[in-house]
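# Chain and residue survey
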Amino acid sequence: MRGILTLCYVLIWTAPVSKAEDIVLLKQNEVSLRLSPEQGRLALTVSDGETLKLKGKIGVRASEPFTPCDGGVRNCFMVGDGMLQVSTHLDYGFTIHWSTNNTRTEFEDCFDLDPFHWYGGPEQIMQFWPIEKLTLINFANVVQEYQHGAVIEPYWLNSAGAFIFVDHKVPLFISQNGDESERKVCFSAKGTSPYSPTRKRVTLAYTIGIKENVREAHLHAVKDFLGKPTGHPNYKIIERPIWSTWARYKRDVNDEVVRAFAKEIADNGYTNGQFEIDDDWEECYGALTFRSSKFANISKTVDYIKSFNFTVSLWVHPFINTDCVDHLSVARDRGYLIKNFEGSDLTTWWNSASYKATYLDFTKLEVREWFAGRLKSLQKNYGIDSFKFDAGETSWTPKIPQLQGDEETMPNVLSENYLRTCAEFGDLIEVRAGWRTQDLPMFVRMFDKDSHWTLFNGLHSLITTLLQMNMNGYTMVLPDLIGGNGYHNQKPSAELFVRWLQANTFMPSIQFSFVPWDFTETKFSVTEISRKFIDLHQKYAPYIKTQMERSIKEGHPVNGPIWWISPNDTIALTIDSEFLLGEDILVAPVIKEGATSRDVYLPAGEWVDGNNGSTYKGPIELKNYPAPIDVLPYFIRNSGSANLVNVISILFMITVTYVGIPV
């Protein structure tokens, strides 16, 4: 821990910047930020002593010289009609702040990706990890379905222990690895769509935080920017599976189908979980009333499902389609719908024809109360326990949406208000979006995954999305359905289903729609292997809950990257196919089709093999670790928080007992 904080300002220039020497030097003990002229821009260097932490270019779009501000204001420049100020407002952090009242002005600052690795960034359909591999082209930092960008925080964290966090009021666009941003990440601010045209200014403001390593830098960001969850989901849906109708039945659901599915699950030995009725139960989209032709006996159906000790969840969304005439009329008459600046309230989503839908305006209190009241009626009238809240992204709105509140938080404030309304419905719910909502005590579901193996939204991306969400502060992650959603008539193979379940075992919860007994013509027993890993997850559920409680208290990830316990390990910093549960369980799933072994990297520490009790001293790479179809490679660290007590062998199975960690 460094000593007493000292701060040094050096700068008062009275002429336009042209010399090569530093024109800004901010120091906090050994941590320094330097700006110096370079080809009409300012070269930024942040160092801790002799260690480089960050490099970049400030004022990439500047076409006029940097001139010191009038009045002797320190570290302040006028650049055309824009003002740049450099300051410090927190320990081991610096703030860059551009501003102008000319809404046609664009600011852009860029930072070198090399020689570091990077983490954070938006949820993406191609979820690279580390994210220096990611390509973004003028990506608007708004909650959106495009490229699956439903969980977004303007947070970039590097392996040297530096982070960049952009203020939430910035009309932010991000370019990375494009034609003009190769091996760079560029943050630009401009007052164009999808941001509100009523903005009175353009700002580009962000904080650069510095700590001794990547772990400490992230905890610094958690403390000052990302925040911590205030609670965790209900233990029932941590310990027991969630069963959804979606992938198996899509929209072909009714009383008979739902009851038969619930009985089928129970007959196969699985009760006491959560049962979710998904899409197409409504009279019309937005009615929030059951369609009598499909669910004439819904009260009895709910009671029947509950007889197996399931809680019952219902899929809902924030839209009203235009054929839902009566409900649409009420919403229009009361001014509850989002309109664009041309006055139209029509939009499109995946369950509507083109411009045959509307979107409730959750920035209005009366809309939030109306929506919540209708859901409470469903709960009261039919015994519904919870809801699966879908959508919530801003990109479904009429373009550009007129919303209520601070124009500088639009359009993302719409998603935030929707999510905070959802959170009022308790600890059994799930949502799939996130913006400044890390504090909410609920599951945030990954965007829908496809039923294949690759990093492009397949099994591999299950791991990288888990890491992306955790390192953005969303630690209560609900992985998507086991085996994916079966879109495009591509259902999972038996092998993919099993490997997906294994990868999911040490994540916070398990969701099924395709089920183990769907796979009968196989060389191995999917039902037996599935039972093994469902039981293993249940066995570790108390430990998962403990890690959630630690996240609430300390802001740690529940499922972090393996560098979390070895932040200076250059190999660990690159690993994208392993993850941690807490700090003492390392999981290395098989994610390649046909593979019966994989290489496993174990960072520093004493590790015990969860499958056979072998011990290893890390750092070490285990080449070709045997992993036939019924084996998930996982390892338990003998650390100060989980001391090894004994290793006993029973009928070829090894049981390793740790204090607080069962095996």
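Residues numbered from 1 in each chain as written. Predicted model: local features only at pLDDT ≥ 70, side-chain atom pairs only at ≥ 80, totals over all residues. Heavy atoms only, no water.

## Thoughts on the overall build of the chain
To keep things clear, this is the line we draw: Numbering of helices and strands starts at the N terminus; helices are DSSP runs of H or I of at least 4 residues and strands are runs of E of at least 2. Based on C-alpha atoms, the radius of gyration is set beside the globule rule, defined as 2.2 Å times the residue count to the power 0.38. Only protein chains enter the calculation, and the probe is 1.4 Å; a residue is then buried if its accessible area is under 20% of its type maximum, exposed if over 50%, and partly exposed in between. Any two residues whose heavy atoms approach within 4.5 Å are treated as being in contact. The protein chains shown are the only cover counted for residues, whose accessible areas, like all others here, come from Shrake-Rupley with a 1.4 Å probe.
Regarding its fold elements, the chain presents eleven helices and 36 strands. Rg of the C-alpha trace for the chain: 26 Å, near the compact-globule value of 26 Å for 663 residues, within the 12% margin. C-alpha atoms of the chain, sized along the principal axes, occupy 80 × 70 × 40 Å. Here the chain holds 663 residues, and 62% of them are scored as buried. For the chain, the share of sequence-separated contacts (at least 6 apart) that also reach a separation of at least 24 residues comes to 67%. Total accessible area on the chain stands at roughly 24,400 Å², and carbon and sulfur atoms take up 49% of it.

## Points about the packing of helix 4 (residues 255-267) against helix 5 (residues 298-306)
Axes are the key here: two packed helices are described by the angle between their axes and the distance separating the axes. Operational definition: Between the N-to-C directions of two axes lies an angle of 0 to 180 degrees, each axis being a line fitted to C-alpha atoms and, for a helix, fitted only over the stretch in contact. Roughly parallel refers to an angle under 35 degrees, roughly antiparallel to one over 145, roughly perpendicular to one between 65 and 115, and oblique to any angle outside these ranges. Under the scheme applied here, ten amino acids are nonpolar (Ala, Val, Leu, Ile, Met, Phe, Trp, Tyr, Cys and Pro), four are charged (Asp, Glu, Lys and Arg), and all others, including Gly, are polar.
Between helix 4 and helix 5, the shortest axis-to-axis distance is 10 Å and the interhelical angle comes to 5°. Compared by their axis directions, helix 4 and helix 5 come out roughly parallel. Residue-level inspection shows D255, V258, R259, A262 and K263 of helix 4 in contact with helix 5, the latter providing I298, K300, T301, Y304 and I305. When the residues that make up the contact of helix 4 with helix 5 are grouped by side-chain class, the tally is five nonpolar, one polar and four charged.

## Focus: the domain arrangement of the chain
Threshold: Boundaries of every domain are those given by an automatic assignment or by a domain database. Note: buried area is the sum, over both parts, of the accessible area (probe 1.4 Å) each one loses when the two are combined. Think of a salt bridge as a Lys or Arg side-chain nitrogen and an Asp or Glu carboxyl oxygen that are within 4 Å of each other.
Domain boundaries in the chain define domain 1 (24-225), domain 2 (235-553) and domain 3 (562-653). With centres defined by C-alpha atoms, the gap from domain 1 to domain 3 works out at 36 Å. Counting the surface lost from both domain 1 and domain 3, the interface buries some 930 Å², and carbon and sulfur atoms represent 63% of this. At the boundary of domain 1 and domain 3, one finds one salt bridge.

## Things to note about the side chain of S159
Structurally, S159 is set in the loop between strand 13 (155-158) and strand 14 (162-166). Since its relative accessible area comes to 15%, S159 is described here as buried. With residues up to four places along the chain from it excluded, the contact list for S159 reads F116, H117, Y119, V214 and L573.

## Some remarks on the environment of A160
In this fold, A160 is placed in the loop between strand 13 and strand 14. Of the residues examined, A160 reaches a relative accessible area of 15% and is grouped as buried. Separated by 314 residues in sequence, A160 and Y474 have C-alpha atoms that sit 22 Å apart. Beyond its immediate sequence surroundings of up to four residues, A160 is in contact with L52, K53, F116, K211, E212 and N213.

## Quick notes on the packing of helix 10 (residues 494-504) against helix 11 (residues 526-554)
It is at 9 Å that the axes of helix 10 and helix 11 come closest, and there the two elements cross at 10°. When the axis of helix 10 is compared with that of helix 11, the two are roughly parallel. In this structure, helix 10 uses A494, F497, V498, L501, Q502 and N504 to contact helix 11, whose residues at the interface are V526, I529, S530, F533, I534 and H537. Taken together, the residues that form the contact of helix 10 with helix 11 break down as eight nonpolar, four polar and no charged.

## Regarding the pairing of strand 3 (residues 31-38)
This is how the line gets drawn: Should DSSP find at least two bridges between two strands, the strands are regarded as paired.
Counting buried residues along strand 3, six of its eight residues qualify, which places the element largely inside the surrounding structure. Looking at chain direction, strand 2 (residues 24-28) and strand 3 are connected through five bridges and run antiparallel. From the neighbouring strand, Q28 faces strand 3, where its bridge partner is V31. From the end of strand 2 to the start of strand 3, which pair antiparallel, there are two residues, and N29 there has a positive phi angle of about 55°.

## Observations regarding the UniProt feature "domain: Glycosyl hydrolase family 31 C-terminal" (unreviewed entry) in the chain
Counted only if it meets this: UniProt positions are given in the numbering used here, feature names are shortened, and annotations may be inferred rather than shown by experiment.
UniProt tags residues 555-638 as "domain: Glycosyl hydrolase family 31 C-terminal" (unreviewed entry). Spanning residues 555-638, this segment combines 0% helix with 42% strand, and its end C-alpha atoms are found 23 Å apart.

## Considering unusual backbone geometry
Geometrically, the link from W129 to P130 is a cis peptide bond, its omega value of -5° lying close to zero. By the element assignment, P130 lies in the loop between strand 11 (118-120) and strand 12 (136-140). Following G618, the chain continues to P619 via a peptide bond in cis, the omega torsion being 10°. Tracing the backbone through its elements, the reader meets P619 in strand 33 (residues 615-626). For Y92, which is not a glycine, the phi torsion comes out positive at approximately 55°. Position of Y92 relative to the elements: it lies in the loop between strand 8 (82-90) and strand 9 (93-100). Relative accessible area serves as the criterion here: at 6%, Y92 is assigned to the buried category. The phi dihedral of N624 falls on the positive side, at around 55°, and the residue is not glycine.

## A look at the nonpolar core
Basically, it comes down to this: The set of buried Ala, Val, Leu, Ile, Met, Phe, Trp, Tyr and Cys residues whose side-chain atoms join them within 4.5 Å is what this entry labels a nonpolar core.
L33, I208 and F389 are the most contacted members of the largest nonpolar core, which totals 208 residues. Here this core takes nine residues from helix 11, the largest share from any one element. Contact partners of F389, with chain neighbours within four places excluded, come to V316, F371, L375, Y418, C422, F425, I429, E430, V431 and R432.

## Here's the deal with the environment of V590
Mapped onto the secondary structure, V590 falls in the loop between strand 31 (585-587) and strand 32 (597-609). Between the alpha carbons of V590 and L459 there is a distance of 9.6 Å; along the sequence they are 131 residues apart. Contacts of V590, omitting those with residues within four sequence positions, involve W453, L459, R499, A595, R598, A627 and P633.

## Some points on the state of the cysteines
We count it as follows: Two cysteine sulfur atoms make up a disulfide if the distance between them is within 2.5 Å.
Evaluated as defined, the whole model comprises three disulfides. The partner cysteine of C110 in its disulfide is C186, sulfur to sulfur 2.1 Å. Disulfide C110-C186: the torsion about the S-S bond is 110°, which places it as right-handed. A residue pair is termed long-range when its members are at least 10 positions apart, and C110 in strand 10 (residues 107-112) and C186 in strand 16 (residues 184-189) qualify at 76 residues.

## Quick look at helix 10
Burial analysis of helix 10 places eleven of its eleven residues in the buried class, the great majority of the element. Within helix 10, burial applies to A494, E495, L496, F497, V498, R499, W500, L501, Q502, A503 and N504. Buried residues along helix 10 sit against helix 9 (459-470), strand 29 (511-512), helix 11 and strand 30 (579-581).

## Brief notes about empty space enclosed by the protein
To keep things clear, this is the line we draw: Cavities and pockets are found on a 1 Å grid laid over the protein atoms alone: a cavity is a set of points where a 1.4 Å probe fits but cannot escape, a pocket is an open set with protein on both sides within 12 Å along at least five of seven lines, and a lining residue has an atom within 4 Å of such a point. Grid points are joined across faces, edges and corners, and a volume is the space filled by probe spheres set on the points.
Here the structure, examined in full by the defined rule, presents four cavities of 30 Å³ or more. For the largest cavity, the calculated volume is near 90 Å³. Residue lining of the largest cavity: 14 residues in total, with N141, H168, V170, N412 and W435 positioned closest to the centre. For the lining of the largest cavity, the per-class residue count stands at eight nonpolar, four polar and two charged.

## Some thoughts on the sheet that holds strand 34 (residues 634-637)
The antiparallel open sheet is built from five strands, whose spatial order is 30-31-34-32-33. The open sheet is flanked by strand 30 and strand 33, the only strands paired with a single partner. On average, adjacent strands in this sheet sit at an angle of 20° to one another, irrespective of strand direction. Relative to strand 33, strand 32 runs antiparallel, the two sharing nine bridges. Residue pairing for strand 33: W607 is matched across the bridge by Y616.

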